[in-house]
Amino acid sequence: MPEYEFRDVYVPRGVSRKDTARLLTDHAEYGHWELDRLRLHPDGSRRVRLRRRIIRQVRATW
């Protein structure tokens, strides 16, 4: 079963949808994060949870 690490990102209200999409795209493209959960609050702020897979290196034996 894959293991993931998570990062929570808070986007305050007043930040446009376009700017939020650009922020999340940058995280995905450069940090290899993917969207796990997005919650839109009644006041217009967003709480985004990103995840990326943890790749464990297997030690080579000789």
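Every chain is numbered on its own, with residues counted from 1 as its sequence reads. Per-residue local features of the predicted model are confined to residues with pLDDT of at least 70, and side-chain atom pairs are confined, for both listing and counting, to 80 or more; whole-chain, interface and lining totals are unaffected and use all residues. Calculation of side-chain values draws on the structure's entire complement of heavy atoms; hydrogens and water are dropped beforehand.

An unreviewed UniProt entry annotates the chain as DUF5703 family protein originating from Streptomyces meridianus.

**Q** What exactly am I supposed to notice about the pairing of strand β3 (residues 46-54) here?
**A** For a regular strand, the rule is simple: side chains alternate between the two faces of the sheet. A pair of strands is treated as paired once DSSP finds two or more bridges between them. Runs of E in the DSSP output that reach at least two residues are strands. Runs of H or I that reach at least four are helices, and both are numbered from the N terminus. By the bridge criterion, nine bridges tie strand β1 (residues 3-11) to β3 in an arrangement that is antiparallel. Along β3, the bridge assignment pairs Tyr-4 with Arg-53. Bridging between strand β2 (residues 34-40) and β3 involves six bridges; their strand directions are antiparallel. Opposite Leu-40, over in β3, you have Arg-46 as the bridge partner. Between β2 and β3, which pair antiparallel in sequence order, lie five residues; one of them, Gly-44, sits at a positive phi of approximately 100°.

**Q** I keep staring at the packing of aromatic side chains and nothing clicks. Help me out?
**A** For any two aromatic rings, the description comes down to two numbers: the centre-to-centre distance and the angle of the planes. Note on ring pairs: Phe, Tyr and Trp rings are taken, using the six-membered ring of Trp, and paired if centres are within 6.5 Å. Classes follow the plane angle, with under 30 degrees stacked, over 60 edge-to-face and the rest tilted. Tallying each qualifying case throughout the model produces zero aromatic pairs. To sit over a ring, a charge needs its Lys NZ or Arg CZ within 6 Å of the ring centre and within 35 degrees of the ring normal. Across the ring face of Phe-6, the terminal group of Arg-49 is positioned such that the distance to the ring centre comes to 4.2 Å. A cation sits over an aromatic face here: Arg-51 above Tyr-4, 4.3 Å from the ring centre.

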